[in-house]
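# Topology and contacts: notes
So you can see what is in the structure, the chains are spelled out below.
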Amino acid sequence: MLSGVALIPMSCGQFGTHEKIIIPCCLALFVALVASEGTAAAEKQVGDQKAADAAAGESQAHEKRGLHGSLGDFSFGGHDDHHHHHEHVKTITIEKKVPVPYTVTKHVPYTVEKKVPYEVKVPVPQPYVVEKKVPYTVKEFVKVPVHVPQPYTVEKKIPYEVKVPVDKPYEVKVLVPQPYTVEKKIPYEVKVPVPQPYEVIKKVPVHIKVEIPVPKPYTVEKHVHVPVKVPVDKPYNVYVPKPYKVEVEKPYPVVVEKKVPYEVKVPVDKPYKVYVEKPYKVEVKVPVPQPYTVEKKVPYTVEKPVPYEVKVPIDKPFPVYKEIKFPVHKEIPVPVKEYVPIKLHKEEEHHHFEHDHHHHY
């Protein structure tokens, strides 16, 4: 019984508050089971010993009864068959405890998946394009069957010349005053009074400290990383068809369809007369034009006020740059003669001396 129980050593850091409560309960159940098994084994041993003693007593009693019966069968004249031997029989009761099955609740640890929210960054293009749906009318053409009579008349429009009498062009006099006045705009200076000194309002930002009340002690959220197990199916074999060779007989027969022209008779109805409209003369009454007044638009100048920028002189200090001349020491290279001694051999010295003498002359 004890061989089936295995103790698993685990560190305290691997359990939470619930596991710390469960461990003492399991230990108590284990100790109770061991104690009950020990008492059951002892009681079983005592019961077996008592049963063996009782069986030995019964076997002795049976042996004595057998001897008495065998002697009683052979009567020697002075004994009677009705004489019986009375013995005291000892009864022993053995109480055995039968184990009764009962339910034992066992706490089995299992993994609990906890969903931890995390931030997912989605790239958004800048500027962000917003599509706006604008409803617009769409013309949908519905085909409606129209009955067309057979045969139907075809109207053909033939252009023809229509002569309209037009009078000769005549002169229209427009009265213009003489001499004609022409207005010319001349710009002139407009003085605007400006107060001196001129006030300039400048906005200066001022840093203002705003105290935000923070509760103390304040809660700090700690993100605990929980491993998420993703179930992955085992790889399985996928059948991929492979190309295989197919033998083709060469040459092989090919069916070629050849088109043969033949005469097709189309039934044609008998010719019938078609009415064609011919042009004819039509008298058109044209009214004779009468003299009437004609209004002619003459352009003229209209004064319209146009706003323009007026520059106001404002006295402002400005830097004045002045050129100041100062002496600068400039170094000019001057050639200086310097004699350097050179050691030469006799022949070289003689040759050098002649060369210098020639060069000097």
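This structure is a prediction, so every number in the text was calculated from the model and none was measured. Along every chain, residues carry numbers that run from 1 in the direction the sequence is written. Predicted model: local features are reported for residues with pLDDT of at least 70 only, side-chain atom pairs are reported and counted for 80 or more only, and whole-chain, interface and lining totals are derived from all residues. Just so you know, side-chain values use all the structure's heavy atoms and leave hydrogens and water out.

## Quick word on the overall build of the protein chain
So the rule is basically this: Per the convention used, a helix needs a DSSP run of H or I reaching at least four residues, while a strand needs a run of E reaching at least two, with both numbered from the N terminus. We call two residues in contact when some of their heavy atoms are within 4.5 Å. Residue burial considers only the protein chains on display, and all accessible areas are found by Shrake-Rupley using a 1.4 Å probe.
If you tally the helices and strands in the protein chain, you get 2 helices and 0 strands. Pairs at least 24 apart in sequence give 79% of the contacts found in the protein chain among residues at least 6 apart. For the protein chain, the exposed area adds up to about 44,200 Å²; of that, 62% sits on carbon and sulfur atoms.

## Side note on a nonpolar patch on the surface
Note the following rule: Patches draw on residues past 30% relative accessible area with no salt bridge. Two like charges within 9 Å are joined, as are two nonpolar side chains (Val, Leu, Ile, Met, Phe, Trp, Tyr) within 5 Å. Definition used for salt bridges: Asp or Glu carboxyl oxygen within 4 Å of a side-chain nitrogen of Lys or Arg.
A cluster of nonpolar residues, Tyr 170, Val 172, Val 174, Val 176, Tyr 180, Val 182, Tyr 292, Val 294 and Val 298, forms a patch on the protein surface that exposes about 970 Å² of accessible area. Take Tyr 292: it is sitting in the loop between α1 (17–73) and α2 (346–360).

## A look at the confidence of the model for the protein chain
Our working definition: Per-residue confidence from the predictor is reported as pLDDT, which spans 0 to 100.
Residues with a pLDDT of 70 or more make up 77% of the protein chain, whose mean pLDDT is 77. Within the model, the stretch residues 1–15 combines pLDDT values under 50 with 8 contacts to residues more than four positions away or in other chains. This model gives residues 61–81 a pLDDT under 50, and the stretch forms 5 contacts once residues within four places in sequence are excluded.

## Focus on unusual backbone geometry
Here the bond from Gln 126 into Pro 127 is cis, since omega is 0°, no more than 30 degrees from zero. Turning to its location among the elements, Pro 127 is positioned in the loop between α1 and α2.

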